[in-house]
Amino acid sequence: MTNDADVDLVRRVYAAFARGDLAEVKQCLAADVEQVVPGKHPLAGVFRGVDQVIGCLSATVSATAGTMEVTLEEVFSNADGQVIAVDRSRGSRNDKFMDQRVAILFTIADGRISRFREFYADPAAMESFWA
């Protein structure tokens with residue numbers, strides 16, 4: 001897979017998530033995918049396998065009662081199957097509002113996402129939002 005294809009895959013995942021199409025997101029994930037969500041809040045942790053990852057993404061949408069909005073801002077790649085996506089994530093829950101820049105480091109292998117790890121511009125604010 002070329003760097004362009006890796007970037008296209010990440011863009012495809014963002015577009016599918018924005019449409020609420022978790023079935024398409026699932027098609028982009030390796031069977032042994034690993035998602036790392038930092039923090040100590042209920043949605044933090046390491047999620048392994050397609051079912052756990054889709055479960056985490058679904059829980060994110062549910063916890064925000066569908067208000068979660070993720071806008072892809074920038075995408076960077078290298079020749080080693082890694083892509084960094086920078087987005088703006090917004091949502092509300094329990095009288096709290098989140099407006100946060102997020103970077104996600106994706107590892108791509110054999111045309112699918114095998115690992116992704118989230119990084120937050122303001123980790124304390126993200127922790128408070130999800131607590």
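Residues numbered from 1 in each chain as written. Predicted model: local features only at pLDDT ≥ 70, side-chain atom pairs only at ≥ 80, totals over all residues. Heavy atoms only, no water.

Asks: Would you take a moment to explain unusual backbone geometry for this structure?
Replies: As a rule of thumb, non-glycine residues mostly have phi less than zero, and peptide bonds are mostly trans rather than cis. Non-glycine residue Ala65 carries a positive phi angle of around 50°. By the element assignment, Ala65 lies in the loop between helix 3 (50-63) and strand 3 (69-77). (Helix = DSSP H or I, 4+ residues; strand = E, 2+ residues; numbered from the N terminus.)

Asks: Help me understand the pairing of strand 5 (residues 96-109) in this model?
Replies: Two faces belong to every sheet, and in a regular strand the side chains alternate between them. As defined by bridge partners, strand 4 (residues 82-93) adjoins strand 5 across 12 bridges and the pair is classed as antiparallel. Across the sheet, residue Val83 finds its bridge partner in strand 5, namely Phe106. Linking strand 4 to strand 5, which pair antiparallel, is a turn of 2 residues; within it Asn94 sits at a positive phi near 50°. Examined bridge by bridge, strand 5 and strand 6 (residues 112-120) share 8 bridges and lie antiparallel to one another. Its bridge partner being in strand 6, Phe106 is matched across the sheet by Phe116. Linkage of strand 5 to strand 6, two consecutive antiparallel strands, is achieved through a turn of 2 residues, within which Asp110 is found at a positive phi near 55°. (Pairing = 2+ DSSP bridges.)

Asks: I would appreciate a short explanation of the layout of surface pockets in the present structure.
Replies: By rolling a water-sized probe across the atoms, one finds the places where empty space is left. Put simply, the largest pocket is a space of about 170 Å³. What lines the largest pocket is Phe17, Ala18, Arg19, Gly20, Leu22, Val61, Gly66, Met68, Glu69 and Val70. Those elements that place two or more of their residues in the lining of the largest pocket are helix 1 (3-19) and strand 3. Among the elements that take part in the lining of the largest pocket, helix 1 stands out by supplying 3 residues, more than any other. Per-class residue counts for the lining of the largest pocket are 6 nonpolar, 2 polar and 2 charged. (1 Å grid on protein atoms, 1.4 Å probe; cavity = no way out; pocket = protein on both sides within 12 Å on 5 of 7 lines; lining within 4 Å. Points joined across faces, edges and corners; volume = space filled by probe spheres on them. Nonpolar A, V, L, I, M, F, W, Y, C, P; charged D, E, K, R; others polar.)

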